[in-house]
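Structural overview for review
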Amino acid sequence: MLIWNPPVETMPRNELLSLQLERLRTIMRHAYDNVPFYKKVFDENGVVPEHIKSLKDLQTVPFTTKAQMQASYPYNMFAVPMEKVVRIHSSSGTTGKPTVVGYTRNDLDNWSELIARLLTAAGVTRNDIIQISFGYGMFTGGFGLHYGAEKVGATVIPVSSGNTDRQLMIMRDFKTTGLVCTPSYAIYLAEAMQEANIKRDELHLRVGMFGAEPWTESMRVEIESRLGISATDNYGLSEVMGPGVSMECQVKKGMHISEDHFIAEIIDPETGKNLPNGTMGELVLTTLTKEAIPVIRYRTRDITCLLDEPCACGRTFVRMCKPQGRSDDMLIIRGVNVFPSQIETVLVEMEETDPHYQLVITREGALDELEIKVEVNEAFFSDEMRQMREIEEKIRQKIKNALGLSAKIKLVEPKSIERSTGKAKRVVDLRKKS
Ligand code: DLL
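In this text the structure is predicted, and so the values were computed from the model without any measurement. (Residues numbered from 1 in each chain as written. Predicted model: local features only at pLDDT ≥ 70, side-chain atom pairs only at ≥ 80, totals over all residues. Heavy atoms only, no water.)

1. Looking at the packing of helix 7 (residues 164–173) against helix 8 (residues 183–195)
Axis separation between helix 7 and helix 8 bottoms out at 10 Å; the angle between their running directions is 80°. Between helix 7 and helix 8, the crossing angle belongs to the class labelled roughly perpendicular. When helix 7 is examined against helix 8, the residues Thr 164, Gln 167, Leu 168 and Met 171 are found in contact with a partner set consisting of Tyr 185, Tyr 188, Leu 189, Ala 192 and Met 193. When grouped by side-chain class, the residues that make up the contact of helix 7 with helix 8 number seven nonpolar, two polar and no charged. (Axes fitted to C-alpha atoms, helices over the stretch in contact; angles between N-to-C directions. Helix = DSSP H or I, 4+ residues; strand = E, 2+ residues; numbered from the N terminus. Parallel < 35°, antiparallel > 145°, perpendicular 65-115°, else oblique. Contact = heavy atoms within 4.5 Å. Nonpolar A, V, L, I, M, F, W, Y, C, P; charged D, E, K, R; others polar.)

Right under this line is the structure:
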């Protein structure tokens with residue numbers, strides 16, 4: 001199995017932990033000296049960077065939240081003068097002001113290194129032709145993956161997102177071997193391929209690197225078989241870097257966190273207390289090398305767990321499991337906690353439905369109603385009411401068994417749910433408006 005930077009990625013853990021401690025103290029001093037926000041927070045809480053004697057001491061440092069980062073709009077979290085900032089991106093936030101993030105030349109070099117690790121872990125080499133179908137722009141996906149792919153020496157096709165027919169034409173004619181996009185867009189491309197009557201073996205695709213949104217194991221099976229590729233997951237977020245924070249290797253059992261650049265912790269989202277490895281909770285990340293925006297104990301809101309058993313690939317970095325969703329995406333429906341991914345698992349495993357669905361939540365009086373709109377598979381689609389009702393009832397039972405929740409199921413025609421070329425919109429919560 002290929003490893004981009006073996007001395008670092010397979011570093012003995014004790015060496016790695018000393019490196020983390022040394023970098024942590026340096027980054028905390030950098031944040032304290034150059035970001036008034038951190039100076040205030042540290043002073044108010046008696047935090048002195050040099051008093052951090054062990055990694056455990058980090059647990060005494062206050063968290064940084066998304067709201068605080070948003071309040072620093074646009075540049076108040078920057079720790080270097082603008083003359084040192086060579087790139088700006090911003091988060092795809094749907095509410096309020098976006099979070100603006102900046103990168104120094106060194107930050108960009110580190111970012112490309114992380115992406116080179118990600119692509120190599122997925123099996124990419126300089127012989128590959130990589131089609132990047134993430135948006136190029138303020139979103140970190142396009143440019144983020146781009147420079148790392150160039151660093152590996154692969155041939156990069158910076159097609160960006162959108163125009164699915166053109167994507168397919170390029171994929172076939174330019175002999176793309178590696179695809180980079182969201183998992184939901186990968187499914188959409190597979191569908192469009194079928195519609196355009198393009199066969200798998202007319203393409204040269206062999207690997208796909210997907211991320212930026214939650215997806216289930218069943219979705220992986222579906223993508224791998226429809227596109228004839230090996231599909232790996234990768235995770236990141238703008239506030240901390242962008243893509244490249246963690247990545248799956250070919251073992252496909254969790255995403256290795258590049259721990260020479262980030263410290264990961266898992267906390268109980270209610271109490272803020274640290275949780276042991278193996279327990280699900282909220283991921284908290286500290287950047288160890290970011291110059292432009294050092295971030296200390298950032299609450300990602302992503303619910304995951306850390307796996308510290310050695311991995312067969314030889315990397316010594318811990319792995320995080322697939323994020324179940326964000327704690328702020330967790331739905332509470334009639335008192336039951338539901339992650340959209342739990343519903344996805346049920347739907348994707350059924351042959352009668354396609355992996356296109358939307359959850360619509362409304363409130364009738366004091367009662368929440370969950371409606372699951374899901375596309376029926378072409379082969380099962382019928383004008384006969386009775387047959388459709390039977391499928392609906394089957395889904396209803398499965399959801400009830402899996403989640404203990406009654407939902408209204410609405411089968412819709414194939415291809416009637418709006419497709420996204422970026423992150424899919426799975427949840428429409430109409431309760432918030434009332
Ligand atoms: O989505 C960065 C990225 C781009 C990652 C391309 C991977 C590939 P944001 O737009 O700031 O940044 O959104 C970050 O997306 O907090 C998670 O909730 C979610 N997310 C990202 N990757 C995954 C993943 C980019 N592999 C937010 N699985 C994060 C589940 C993911 N959720």
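Having seen the model, we can carry on.
2. Focus: empty space enclosed by the protein
Throughout the structure, instances matching the rule amount to one cavity of 30 Å³ or more. Within this model, the largest cavity holds a volume of roughly 30 Å³. Lining the largest cavity, in full, are Met 69, Ser 72, Tyr 73, Pro 74, Met 77, Thr 99, Val 100 and Ile 293. The class makeup of the residues in the lining of the largest cavity is six nonpolar, two polar and no charged. (1 Å grid on protein atoms, 1.4 Å probe; cavity = no way out; pocket = protein on both sides within 12 Å on 5 of 7 lines; lining within 4 Å. Points joined across faces, edges and corners; volume = space filled by probe spheres on them.)

3. Overview of the domain arrangement of the protein
Assigned domains within the protein: domain 1 (1–325) and domain 2 (331–433). Relative placement of domain 1 and domain 2: their C-alpha centres are 30 Å apart. On the side of domain 2, 16 residues touch domain 1, which itself brings 23 residues to the contact. Buried surface at the junction of domain 1 and domain 2, summed over both partners, amounts to about 1,700 Å²; 57% is from carbon and sulfur atoms. Applying the counting rule to domain 1 against domain 2 returns two salt bridges. When residues of the side of domain 1 that touches domain 2 are traced back to their parent elements, those giving at least two are helix 8 and helix 9 (217–227). For the side of domain 1 that touches domain 2, the element with the highest residue contribution is helix 8, accounting for six residues. The class makeup of the residues in the side of domain 1 that touches domain 2 is eight nonpolar, 11 polar and four charged. (Domains from an automatic or database assignment. Buried area = accessible area lost by both parts, 1.4 Å probe. Salt bridge = Lys/Arg side-chain N within 4 Å of Asp/Glu carboxyl O.)

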